[in-house]
Amino acid sequence: MSLHSVSVAGVVREDGRILVIRRADNGAWEAPGGVLELDERPEDGVCREVLEETGVKVHPVRLSGVYKNMGRGIIALVFLCRPVGGEEQTSPESAEVRWLTREEVRDRMTEAYSVRVLDALDHHAAPVRAHDGRRLV
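Just so you know, these numbers come straight off a predicted model, no measurement behind them.

**Student:** Help me understand the overall build of the chain, please; the structure alone is not making it clear to me.
**Tutor:** A count of helical and extended segments in the chain gives three helices and eight strands. N-terminal to C-terminal, the α/β element order of the chain is β-β-β-β-α-β-β-β-α-α-β. Over its C-alpha atoms, taken along the principal directions, the chain stretches across nearly 45 × 35 × 30 Å. Taking all 137 residues of the chain together, 44% fall into the buried category. Counted over contacts in the chain with a minimum sequence separation of 6, partners at least 24 positions apart contribute 63%. In the structure as shown, the chain presents an accessible area of about 7,400 Å², 48% of it carried by carbon and sulfur atoms. Here the chain carries 19 positive and 23 negative side-chain charges, and the mean point of each set is 4 Å from the other.

What follows is the structure, encoded as structure tokens:
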């Protein structure tokens, strides 16, 4: 029997820019997010994770995609969010917090993570995708 981990991530959009972090552990650019707590609703988890990693309070608008890292067994629920308060700041998990354009997202993120942002911006139905940690499979 194999176990899966469930994570949440927030694609926070304002004025045509997307809130992202550069992770402190590996330097990768990603939408803010993390592991969903056992007793936590997905919508509450994404609000908590975005606030912890960026200092920005958000409201989830809709589920924008479901993604599975096939090698690590992690299922990510990604939400399109809008900012409702707070101020950008780094955390122990985020070395940088920035608002990027769509083109900057494509340039700085690996395919497995940029697709989450692009799907949130481009699709109204939540796509389900699998990847190997870097590329879609």
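The structure having been displayed, the exposition proceeds.
**Student:** Any chance you could explain unusual backbone geometry here in plain terms?
**Tutor:** A negative phi angle characterises most non-glycine residues, just as the trans form characterises most peptide bonds. At Asp 15, a position not held by glycine, the phi torsion is positive, near 55°. In this structure Asp 15 comes out as exposed when scored by relative accessible area, which is 77%.

**Student:** Could you clarify how one ought to interpret the pattern of salt bridges in this entry?
**Tutor:** Where charged atoms from two side chains of opposite charge approach closely, those side chains can pair. Tallying each qualifying case throughout the model produces twelve salt bridges. A salt bridge links Arg 23 to Glu 30; the shortest N-O distance between them is 3.5 Å. When its relative accessible area of 25% is taken as the criterion, Arg 23 is described as partly exposed. Owing to a relative accessible area of 11%, Glu 30 belongs among the buried residues under this scheme. Glu 37 is the partner of Arg 48 in a salt bridge, and the nearest nitrogen-oxygen pair spans 3.9 Å. Placement of the pair is Arg 48 in helix 1 (residues 42–54) and Glu 37 in the loop between strand 4 (33–35) and helix 1, with a sequence separation of eleven residues. Salt bridges linked by common partners bring Glu 37, Glu 40, Arg 48, Glu 49 and Glu 52 together as one network.

**Student:** Would you explain a negative patch on the surface in this entry?
**Tutor:** A surface patch of negative charge is lined by Glu 14, Asp 15, Glu 87 and Glu 88. By the element assignment, Glu 88 lies in the loop between strand 6 (74–86) and strand 7 (94–100). Judged by its relative accessible area of 39%, Glu 88 is partly exposed.

The rules behind the values
Residues numbered from 1 in each chain as written. Predicted model: local features only at pLDDT ≥ 70, side-chain atom pairs only at ≥ 80, totals over all residues. Heavy atoms only, no water. Helix = DSSP H or I, 4+ residues; strand = E, 2+ residues; numbered from the N terminus. Buried < 20%, exposed > 50% of the residue type's maximum accessible area, 1.4 Å probe, protein only. Contact = heavy atoms within 4.5 Å. Areas by Shrake-Rupley, 256 points an atom, 1.4 Å probe, with all protein chains shown as cover. Lys, Arg positive; Asp, Glu negative; His and termini not counted. Charge placed at Lys NZ, Arg CZ, Asp CG, Glu CD. Salt bridge = Lys/Arg side-chain N within 4 Å of Asp/Glu carboxyl O. Patch = residues over 30% accessible without salt bridge, like charges linked within 9 Å, V, L, I, M, F, W, Y side chains within 5 Å.

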